[in-house]
Each structure stands twice: as structure tokens, then as C-alpha cells.
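# Structural characterization, general
The chain contents come next:
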Number of protein chains: 2
Amino acid sequence: MRLHWLKRRILGTPLPTAQSRHERLDKTTALAVFASDALSSVAYATEEILLVLVLAGTAALSYSLPIGLAISALIAIVVSSYRQTIGAYPQGGGAYIVTKDNLGLYPALVAAAALLIDYVLTVAVSVAAGVAAVTSAFPFLFRYRVLLSVAAVVLIAIANLRGIRESGKIFAAPTYLFIVSVFSLVMYGAAGALFDFLPEAPYGPHPPGLEGVGLFLVLRAFAAGCTALTGVEAVSDGVPAFKAPEAYNARIVLLSLGAILITLFLGITYLGYDFGITPKVDETVLSQLARRVFGTGMLYYEVQVVTMLILLLAANTSFADFPRLSFFLARDRFIPRQFGNQGDRLVFSNGILILGGVAALLLVIFKGDTHRLIPLYAVGVFISFTLSQASMVRRWFRLRTSKWGWRAAVNAVGAIVTGVVMLTIAATKFSHGAWIVIVLIPTLVMIFMAVHRHYDEVARQLSVDEFAPGPPLRNTVLVLVGDIHRGVIYAIQFAQSLSPNAKAVYVETDPERTRRLEEKWGKWGMGCPLIVLSSPYRSLLGPLLDYVDHLLAQDDKQIVTVVLPEFIPARWWQHLLHNQTALLIKGALLFHKRVVVTDVPYHLKR
Amino acid sequence: MRLHWLKRRILGTPLPTAQSRHERLDKTTALAVFASDALSSVAYATEEILLVLVLAGTAALSYSLPIGLAISALIAIVVSSYRQTIGAYPQGGGAYIVTKDNLGLYPALVAAAALLIDYVLTVAVSVAAGVAAVTSAFPFLFRYRVLLSVAAVVLIAIANLRGIRESGKIFAAPTYLFIVSVFSLVMYGAAGALFDFLPEAPYGPHPPGLEGVGLFLVLRAFAAGCTALTGVEAVSDGVPAFKAPEAYNARIVLLSLGAILITLFLGITYLGYDFGITPKVDETVLSQLARRVFGTGMLYYEVQVVTMLILLLAANTSFADFPRLSFFLARDRFIPRQFGNQGDRLVFSNGILILGGVAALLLVIFKGDTHRLIPLYAVGVFISFTLSQASMVRRWFRLRTSKWGWRAAVNAVGAIVTGVVMLTIAATKFSHGAWIVIVLIPTLVMIFMAVHRHYDEVARQLSVDEFAPGPPLRNTVLVLVGDIHRGVIYAIQFAQSLSPNAKAVYVETDPERTRRLEEKWGKWGMGCPLIVLSSPYRSLLGPLLDYVDHLLAQDDKQIVTVVLPEFIPARWWQHLLHNQTALLIKGALLFHKRVVVTDVPYHLKR
């Protein structure tokens, strides 16, 4: 009862089904809702590129510019591809659905596994990066980063368990503030570098371009930067949330998102190069940039706080996406059906709990360090990009709607490019953690299949097709008694209310006690016959099971109901003071066919 | 099923009740069985004295001689006292029973609490000291001492869970070997010191007797040495185990025990003084002595191994004493009655498990260090000595049998002396850990009383005195259905076998599903009426509870049986794939009066 009260305080009162309806978003709000995941990655993508390049010395950092340009081109390609998905799947085109529709079940399950992993990592990476934004500004918090990260995940999870009704409002302010802040940072920084009005000298002399940075390292840096693309697909998943005309508005929003993403990402990358920023353990590149451009004042802190907020919003989007995908998978019977249940706040509580739990665990294992989580991150995203775009190609070839050749070409470019990037990421980050994801995806697919087979088998075994109910059952009701007390008398009355032939069964361990019981039976037995079973090994169960088996052997329509008198103490600790015999008997009889066990609780007062 | 197999492998097959009979011990075996606890304490008692004295400098160590003599006198007094208990309680005179018999309930509960704590500490201290004997001989094991201690406790516990049938045989060899070994050590050492034939020079010049050792320190050293007395009471507890004439034989054994104990303890203390032994962290005093006397050869190792064995036997005795006292307390309803149950190997498994668990925990907390456990140890022992002897005084005054005056005087001296020692120990060791025991004893007594009140209250509420069973109950059987499948059909047949008026209840969350169910009902419902309850909040429980309450409100002899169709997967992991709705419903209805919930299991094949 206490627990129930606590649950209500944290999660709020239940909501009626009728309240379940969709909020439709206008373009401005939709951009805020769907952009946070994609845009937030500019907070760490540049830094990840620099962290790889710095391995070849600070001079190698200048490679960040061409890599940044390549990634921008990739963003443009992916955005073009997904604009077509929006048109084709106005009801929402997540990779699982699109792939199942066009490439079939197995590729779809691969996409689903990749996405589930990806959502977990989005939470972990975004929260770690959000906390890094805060600890960059307040270094004394640095050593509490794991704690802060886990606390953030818990808070986001609770907010989602309550059900966030006002999502549009929550998203708009931080997302637009982030866009404006980072844009201002880039513009003011670039101007300041040009006209030299910054608080500090903008940069030292540029190191000369250098030879000798290996291709592998450049590819690894490129792979690291590809995290900038995570979240771009969100718009195409959420088309039904837009105001009409849905597809048209979604396409405009996706295009704007792409443009803003490229601008901010390239701006930060250029400025980082121009200011000769080197990645540090305890301060993010974005924080270093903001400090250099704005000085350590109000504007600097504003950038850090807004960065943290957009990253937490990005984490929050996974709390909508993961349970939704889980719902589809549960509906299709690939994961336990509990993921298909809406809780009393109309949210899919189990998905939220699993996502929050695993993300928190990852944050603890990887010590809340963004850089250690990143190598696991992008593989899953690019697998789902590739499958989703390949599905679109297949679709155009199949449906051959107007301009299908051109559309297929756009998606084919998308599929090929994202596929190559996926292989690049897997190869260059394999030993840094990507292997975990590469092992995990087929494992998850196998689990999906095993679960599916089980549900199919259960459905087959329970199916009423070609099944005829047998003749009525014959039921023998037994009351297991150990003594005579009010609880036992109540249980006998209960048994007699179900069957006039109910019998009491007593397992004898000590003949003296049997004699005393039989004496009392005359007065309290209420006409119920008493059967005494002897037990040389003091076991209660053995003789009872033998007797039950003996009854069952008489007739295959015979079933046996064993009634257990049980008294229920008034306080929880008092349970410790009583034998858990009933539990034991239930456990032992659970696997016996044609036997049903019934507790008859007798309630004590205090 | 696997677990069951493992249990059988570890614990052996069940034993029939008929096999429960007492092994009677002759005097030689009895000395071995009851002496190990008392004698084993000479392995650490001298060392504990020296450890306190050394705080005042090595010169203060010579105070060990007078302290050793005082403790020997104390042993003689306690032995004389307990010889009288043997005569008076031939059926076994443990402190709890003797005190309850003479001083009443509360003092007896104090004695019981002190004893329970004492048994736990006997295990912890003996095992720690036994491991110290081994690590003294094999220093590379020193850093694994906590692990070794816990492993020893686990092994002893398992041996006791199996039931040690051959106890006499196990005890005899190590106990007598220990007596002979330590006696030889003392004699050979003393002779060697006198005639100077030892491998090393026997001692440096004795430091002069010194002034300035405070009284408090001497008392503390005395208190520390009093651990030598632990276990002396064992003989009087176990009189019924002796061959006839029981009391006579027991008295002889106790006298011999006292003589041997004094000899060995004084011998070690004298030799330690004579050889100028100073206590070390990683080698026991007994080990240092043996090394000095015998050199580090076969004889030295023999002493260490035998010391370890007798200490493990001492620990083992608590595994008989603790469950036996628990049984008495459970029988008198002061602790949960589970402690009164004999397991299928005829031992009191719960007592053994609790004792082993708490002792292992203590060893971990106190890092397997004998010296840190000792201050907790002796308080409880002396509380039970005092109460036991005071009870005897009371008894002599009450019964006034022959020579009662003299007997009362002997026990009065025993009670007063042990009482004063108890206060001395409590005062001098209070801040070193004795406070824990002093807080714990009244806490345990309060728990005993609370448990007792609960059992009394339950007995009162369940009592059939002044109780008349009401008129027969009227039972409405409901089957909760969510769908139609073979499991549901089986449950309906089950319900119909109990009541021709059984009804099916369906909670509607979606009218479309209700329509489909009703369609199927005609074919599969077997004439069972279907009641549809609507649920605006998707809750299964709310509408069900309302309906049940509505039925119950009609008549106070009405009860409701809720039948839950449940299918049982063939493998354990498959349970995770199904809703635990049945569990939820049972939990919610458990606290509803006049409602009985019955699962009807339908077994799946794979």
C-alpha cells in the first residue's frame, strides 16, 4: 500500500484511455521536437574528430576541415534520401517498418536490433556529453560525472513514466536557444578572428600542412565525426505528428534541419581549426571555443547550459523512440509482450524502464565518458540508414510510381554511401568497441526469433481450432490440515461450499498428535471425513503427492483441488514468523498435471 | 529440480525419523567431545593477556604470571560451581533452562541472548584463531586469512547440515593430540630452559619487575585472559549424552577438563614469560613458543596443525549448541518457529544456516582478526555463568536438599566471582567492542518478547475455544477470461466441476475485442454465462474488484472464488515472455476478505 502511494506521488494518477490522442505539431515546433537529437551531436562530433587526429600530433588537427566537409556532404545525401522516405511513408517510416515492408523480415530484425542499441547509446552518449558541458563550466563537478549522468537518466525516465504531455513546449526553447547560441558563437568568433577584437589573441600561427598522417587515421577520424548524423532520421519516423499537409511540412522541416546541422557543424569545426583548439580530458571543445570567443562570462555559461539542455532533450527523444519500436516488436511477437502494455499513464512503462536501466548501466561501465561510448554509437545508426535506404530503392523498383528512376537513384546513392560509411566505421572502430555492437546485433536477432518461435508454439498449443472440449471434469476437493484452528475450520467450510464430498487430509509425523487431532475432529470436523497419511521421513509433501497420484490414477477426467488453510498476519514482518509451507506445497504441485492448489486466507487482526 | 539434485549431493539423502537416537558417550570420548571448546582457548588466551600488557612496554609482560594464576583460580571456582549444576540437572543444565527454572523468564531470556551471541562469537573467534595457527606456520597464507576463515565456516556448516553422525570419532584424535602436544611442548620447553638443550638460547635476561603498570591495564589483561574459560560450561549442558551413571561420569569429566585446562594454560603462560615472548601480528604466541622449543621441524608443524584442528572442533560445537538453544527458544515461541523444524537430515538446518552466516559476516567485518573479536567474546559467556550460578543458589535455598547450605555457598562464590569478572570485562573492554554485546542483549530480549506476543496473539485469534463455526458458506465461482484458448476452456471446465453456477468475467478495454470474444463464446463457452465489465482506465483489477465487492455485499455468508486460467511454459525463461497478470491479481486480492484466488495451470509442452 505504501509502495502504491509512492508510485502515485512519482508517476501521477492514472489517465483514462480516452485521453490518448496525438498532439499535432506545426513546422516551428516540429523542428524543435525532431531536431534536438540531430543538432545536439554538434556538441561532440567535432571533438571526436580532433581526438582521433591528435594521435598523429597537433599538426594533424588541420585535417579536420576536409573531414568536416566530407561529413557535411554525407549529411546532404542522407537528408535527400530521407526526404523521399517521408513522401513514401506518411504514416511514419522507421527503419524497421520500411525494411520489413520492402526487404523482408530478417533485414528488418537487423534494423530493429541496430535501432534498439542505437537508442540506448543515444541516451548514454547524450547524457554523458550533457554532463560534460556542465563539468566544463564547473570543474569541481567533474569527479561526480558518473553520479550526475545516472541521476539525469533517472529524472528523464521518471518524466517519461509520467508521460510528457507538453512535449512541444519543453522542446522549443532549448532547441532554438541552442541554434541561436552556437550560430552566434560561430559568427562572432569568425568575425573576431578576422578583425581581432576578441579578449584573447585568436590563434597562434597555423602549423604547416603535414604529410604522413595515415589513411587509416583519417578514416577513423571521419568515422568518429559521423556521429554528427545520428538523429537525422527522426523526422521521417514522425511524419504523422505533423500538421497537414504532413509529408510536405515534414520535408521542409527535414531540409531546414539539414541546413542548420551543416552550418553549425562546419562552423564549429572551422572555428576549432582556426583557433588551434586541442581536445582536453576535462573540458569540451565547444566549451573551449565559447571561452575563447566570449570570455568566461554570462554568454559562455549560457552556451554551456543550453548545450546541456539540448543534449538532455536528445536523450529524451530515445525515451519516446525505444518504447515505440518495442511496441511494434512486441506486437509482432519478437520481444516479450509486456513491452506492448500501456501503463496507467498511457506510456509504455517497460520500454522506458529497460532503456533507462541499460543506459545508466552503460554510463557506469564507461564511467560517464563520451569518448569511450562513441565507438559503439554510429555503427547501429548507419546499419539502419543503409537498410532503410536500400529498402526505398527496392520499393521504387517494385512500385514504379512517377519519377521512380530518379527517386531510386537518389536512394541508391544514399544506400551505397551510408553502407560504405557503415563498413568504414565498423572497420576503423572495431577494436575500440564497435565489435560489441557487431556481436550484439545478431545475438538480438536470434533472441527475437526464439521469442517469436515460442509465441507461435504457445498459440498453436492453445489454439481452439481442431479442438473439442472433453467431457466434464470430476473434482475431488482435499483440505490439507495440520491442526484444528479457526483458519482450518474456515478452509473446511470453504471446501464444503465447493463440494459436498470434500475430504480433510492429515500427514502424520507423530502418532500422539494424530490421536489428539482425531479427538478434536469429532467436535470441529463438521462432518468432513479425515484421512491420515503416515510419513516416516517427516516429509509433508511425499505422502500428499502419493495420495493425490492415487486419486488421479482412477480416472483421467479426475482432477484434484488441494485447499490450503493459510492465515495472513496483519504486518509484513510477521510473515517471517510463520512457516512458508503453503508456498512449498504450491511450488511442488505446480508441475503436477490435473492438480489445482487453492490458498484459503484467514486474516489476522494485528 | 537441478537445485534439488545439488542439495542432495551436498547434504545427502533424507533420514527417517526412526534414525533419530542419541549416541551415548563413555568418559574418554565425552572428554574429547566437550573439551575441545574449553581447551582450544589456551591457543589464544595467553596471547590476549600479553597483547594488553605489551601496551605498557615489554617489561610489563611479566605481569602475565600473576594474572595467569588468578585466571586458574577462577577456572577452579567455575568448575566447582558447574559440578553442582550437573548433579541438579542430569537432563542437561544449559543457562537458559536453569535460569528459567529458578530466576524466571526475563533473566532466562537475557541468558539466552548472551548465549546466542556467545555461540556466534565462538565460531568466529575459534575459526580466526585456527586460521592464525595455519598462517603462523605458512606465512604466505596470511593475506588470504579472511577467505580461509569464511571457507572454514562454510565447510563446518555443510558438515553439520549433513548431520555429523560420527561425532565421537571425529573429536577424539585431535583433542587428545592437542593435549599431548601442548603438554609435551610445556614440559620439554621447561626442561630445555632448565638444562639448556634447546636449539636456540632459551631467553634473554628477565627484565626487572616494574612499577607503574596501572591497575586498569592489569584488569584489562585479566579480562582478556578470561577467554580461557569459554566452553567450560559445555559438560553441564550435555549430561544426557553420557553413559550411565550420567551425572557421576559428567562430574569426573568436568574435573579432568578443569585440571587439564589449568595445566596447559598455566604452562603456556609460564613458558611465554620464561622465553620472553612478545606478541606479533602475523605469528601466534603458541607458534613462537613451539618454534623456540622444537625448532621449525615436524614437531612444530604438528603442533600448528593440531591447534588448528581443535579450534575448528571448538567452532563445530557451537553448530550443535546454537541450533539446540534455538530449538528451545522456538519451542517456547520466543524466536520464529522455523528454528524448531528438523530438516530431512534430522538437523535444525535454520539454526545452522543463521549461525554460519552471521559468523562468516563477523569474520569479514573484523577481517578474520582474533584480537579484534575477543573484546566482544567473554561478556556473554560471563553473563550466562553469573545467571546460571545465581540460579543454582536460588535453587538450593528453595529445595533445601541435603548439604544445601554448603552447595549454596559454592554456587554463591561462583556467582559473585563470575559476576565481578563480568563487570570487569564489560568495563575494561567496553570501548573496544564489548558495548556492541551490551546493546545487543537487551535488543534481542525485546525481539524475543515481541515474537512471543505475536504468537500468543495468533493463538488467541485462531483458538477454537469459545468459537462456533458459522452456517455453511455460499460460494460464487468466477473465471477471469481475457480470450478463448484451451487453457481458458480447461479453467471453465474446472470451475463448472466445482459449481454449476460458475460465471466467466471479462474486463473490456476495447469494445471490438469484446465483440469478437462474444462471437466465440457461443461455440466454446460451454453454457457458462459471460459477464463483461467495462474499464475506462484499462485497469484489469479495478472493475474486477468492484464486481467482487458487489457480490460480497449481498450476504455476509457469501464468498467468491476467482479462477485464473494460467498456462505454464515448459522452460523457466519462457515465463519472462508472459504477463504476470495472475500474480498481480493474487497480490491484490490476498488482502480482500472472503475472496479466494485459484490458479488453474494449463501445462505447455515445450
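Calculation rules
- Residues numbered from 1 in each chain as written.
- Chains lettered and ligands numbered in written order.
- Predicted model: local features only at pLDDT ≥ 70, side-chain atom pairs only at ≥ 80, totals over all residues.
- Heavy atoms only, no water.
- Helix = DSSP H or I, 4+ residues; strand = E, 2+ residues; numbered from the N terminus.
- Rg over C-alpha atoms; globule rule 2.2 N^0.38 Å.
- Buried < 20%, exposed > 50% of the residue type's maximum accessible area, 1.4 Å probe, protein only.
- Contact = heavy atoms within 4.5 Å.
- Areas by Shrake-Rupley, 256 points an atom, 1.4 Å probe, with all protein chains shown as cover.
- Lys, Arg positive; Asp, Glu negative; His and termini not counted.
- Charge placed at Lys NZ, Arg CZ, Asp CG, Glu CD.
- Polar contact = N/O pair within 3.5 Å; in protein donor to acceptor, adjacent residues only side chain to side chain.
- Buried area = accessible area lost by both parts, 1.4 Å probe.
- Salt bridge = Lys/Arg side-chain N within 4 Å of Asp/Glu carboxyl O.
- Nonpolar A, V, L, I, M, F, W, Y, C, P; charged D, E, K, R; others polar.
- Phe/Tyr/Trp six-rings, centres within 6.5 Å; stacked < 30°, edge-to-face > 60°.
- Lys NZ or Arg CZ within 6 Å of the ring centre and 35° of its normal.
- Least-squares fit on C-alpha atoms with pLDDT ≥ 70 in both.
- Expected span 1.5 Å × (residues − 1).
- Axes fitted to C-alpha atoms, helices over the stretch in contact; angles between N-to-C directions.
- Parallel < 35°, antiparallel > 145°, perpendicular 65-115°, else oblique.
- Left-handed = near helix turned anticlockwise from the far one by under 90°.
- pLDDT = per-residue confidence, 0-100.
- Pairing = 2+ DSSP bridges.
- Right-handed = clockwise from strand over helix to strand, strands pointing away.

This part takes up the overall build of chain A. Tallying secondary structure elements over chain A gives 21 helices and 5 strands in all. In summary, chain A has a C-alpha radius of gyration of 32 Å against a globular reference of 25 Å for 606 residues, an excess of more than 25%. The principal-axis extent of the C-alpha atoms belonging to chain A is close to 110 × 60 × 50 Å. Expressed as a percentage of the 606 residues in chain A, the buried residues total 55%. If you take every contact in chain A between residues at least 6 apart in sequence, the share linking residues at least 24 apart comes to 80%. Approximately 25,800 Å² of chain A is accessible, and the part contributed by carbon and sulfur atoms is 65%. The distance from the centre of the 52 positive side-chain charges to the centre of the 38 negative ones in chain A is 5 Å.

Residues and elements named next belong to chain B. Along the chain, Ser181 turns up in helix α8 (residues 167-195). Separated by 2.6 Å, the side chain of Ser181 and the backbone oxygen of Leu177 make a polar contact. Setting aside anything within four residues of it in sequence, one finds Ser181 in contact with Glu302, Val303 and Val306.

Listed by partner, the interface residues are 74 residues for chain B and 76 residues for chain A. When chain B packs against chain A, the two sides together hide about 6,500 Å² of surface, and 61% of this comes from carbon and sulfur. Summed over the three residues of chain B that lose the most area to chain A, namely Leu462(B), Arg486(B) and Arg538(B), the buried surface amounts to 11% of that side. Where chain B meets chain A, there are 0 salt bridges. At the boundary of chain B with chain A, the tally comes to 13 residue pairs in polar contact (both at pLDDT 80 or more). At the level of secondary structure, the elements contributing two or more residues to the side of chain B that touches chain A comprise α17 (434-462), β1 (474-481), α18 (486-498), β4 (558-568) and β5 (595-603) of chain B. If you tally residues by element for the side of chain B that touches chain A, the top one is β5(B), at 9 residues. Residues that form the side of chain B that touches chain A fall into these classes: 40 nonpolar, 21 polar and 13 charged.

Another point: the packing of aromatic side chains. Residue and element names in this part refer to chain A. Following the criterion strictly, the structure yields 22 aromatic pairs over all chains and no others. Directly above the aromatic system of Tyr89 lies the positively charged group of Arg395, at a separation of 4.9 Å from the ring centroid. The ring of Trp396 has Arg407 lying over it, and the distance from NZ or CZ to the ring centre is 5.6 Å.

All right, on to the relation of the copies chain B and chain A then. Taken together, a rotation about one axis and a shift along it account for how the two chain copies relate. The two copies are related by a screw motion: chain B maps onto chain A through a turn of 180 degrees and a shift of 0.1 Å along the axis, at an RMSD of 0.2 Å. Viewed as a symmetry operation, the transformation between the two copies matches a two-fold axis.

Glancing now at helix α6 (residues 105-137) of chain B. Given a rise of 1.5 Å per residue, 33 residues ought to cover 48 Å, and the 48 Å separating the end C-alpha atoms of α6(B) matches this to within 8%. Summarising burial for α6(B): 29 of the 33 residues are buried, a large majority.

Take the environment of Ile416(B) next. By the element assignment, Ile416(B) lies in helix α16 (residues 404-429). Measuring from C-alpha to C-alpha, the distance between Ile416(B) and Thr386(B) comes to 7.3 Å, with 30 residues separating the pair along the chain.

Turning to the packing of helix α11 (residues 246-274) of chain B against helix α12 (residues 285-294) of chain B, a few remarks are in order. Two quantities define a packed helix pair, namely the angle between the axes and the distance from one axis to the other. All names here are of chain B. Packing of α11 against α12 brings their axes to within 10 Å, and their N-to-C directions diverge by 70 degrees. Between α11 and α12, the angle falls in the class roughly perpendicular. Here α11 runs over α12; the crossing is left-handed. Residues Ile268, Leu271 and Gly272 of α11 form the contact with α12, whose participating residues are Leu286, Leu289 and Val293.

Let us now look at unusual backbone geometry. With an omega dihedral of -5 degrees, the bond running from Ala244(A) to Pro245(A) counts as a cis peptide bond. Of note, Pro245(A) is situated in the loop between α10 (234-237) and α11 (246-274). Positive phi, close to 65 degrees, is recorded for Arg594(B), a residue that is not glycine. Tracing the backbone through its elements, the reader meets Arg594(B) in the loop between α21 (581-590) and β5.

Residue and element names in this part refer to chain A. Structurally, Phe242 can be placed in the loop between α10 and α11. Overall, Phe242 belongs to the buried group, its relative accessible area being 0%. Considered as a pair, Phe242 and Leu25 are 217 residues apart in the sequence and their alpha carbons are 4.8 Å apart. For Phe242, the residues in contact, after removing those within four places along its chain, are Arg24, Leu25, Ala30, Phe34, Val235, Asn249, Ala250 and Val253.

It is worth spelling out helix α7 (residues 145-162) of chain B at this point. All names here are of chain B. For α7, which comprises 18 residues, the first-to-last C-alpha distance of 26 Å matches the rise-based estimate of 26 Å (1.5 Å per residue) to within 8%. The complete set of buried residues in α7 reads Ser149, Ala152, Val153, Ile156, Ala157, Asn160 and Leu161. Among the residues trailing α7, Gly163 stands out with phi positive, at a value near 90 degrees.

Here the focus is the confidence of the model for chain A. Any residue range with low pLDDT should be treated as having predicted coordinates unsuitable for detailed reading. The pLDDT averaged across chain A works out to 86; a share of 92% of its residues lies at or above 70. When mean pLDDT is taken per element in chain A, helix α6 (residues 105-137) of chain A scores highest with 94 and helix α1 (residues 2-11) of chain A scores lowest with 61.

What follows deals with the pairing of strand β3 (residues 530-534) of chain A. Each regular strand carries side chains that alternate between the two faces of the sheet. Residues and elements named next belong to chain A. Only one face of β3 is covered, namely the one carrying Ile531 and Leu533; the face carrying Leu530, Val532 and Ser534 has none of its residues buried. Where strand β2 (residues 503-508) and β3 come together, 5 bridges link them in parallel fashion. In the strand pairing of β3, Tyr506 is matched with Val532. Chirality of the crossover, the property in question, places the unit of β2, helix α19 (residues 511-524) and β3 among those that are right-handed.

So, about the packing of helix α3 (residues 45-53) of chain A against α11(A). All names here are of chain A. Contact geometry for α3 and α11: axes closest at 9 Å, N-to-C directions at 40 degrees. Judged on the interaxial angle alone, α11 and α3 are oblique. The interaxial crossing formed by α3 with α11 has right-handed handedness. Two secondary-structure elements touch here, α3 through Ala45, Thr46 and Ile49 and α11 through Phe265, Ile268 and Thr269. Its residues assigned to classes, the contact of α3 with α11 shows 4 nonpolar, 2 polar and no charged.

All names here are of chain A. Summarising burial for strand β1 (residues 474-480): 6 of the 7 residues are buried, a large majority. Bridging between β1 and β2 involves 3 bridges; their strand directions are parallel. Note on β2: the bridge partner recorded for Val479 is Ala504.

Okay, the environment of Ala228(B) next. Relative to the assigned elements, Ala228(B) resides in the loop between α9 (215-225) and α10 (234-237). In the structure, Ala228(B) is positioned 86 residues away from Phe142(B) in sequence and 25 Å away in space, judged by C-alpha atoms.

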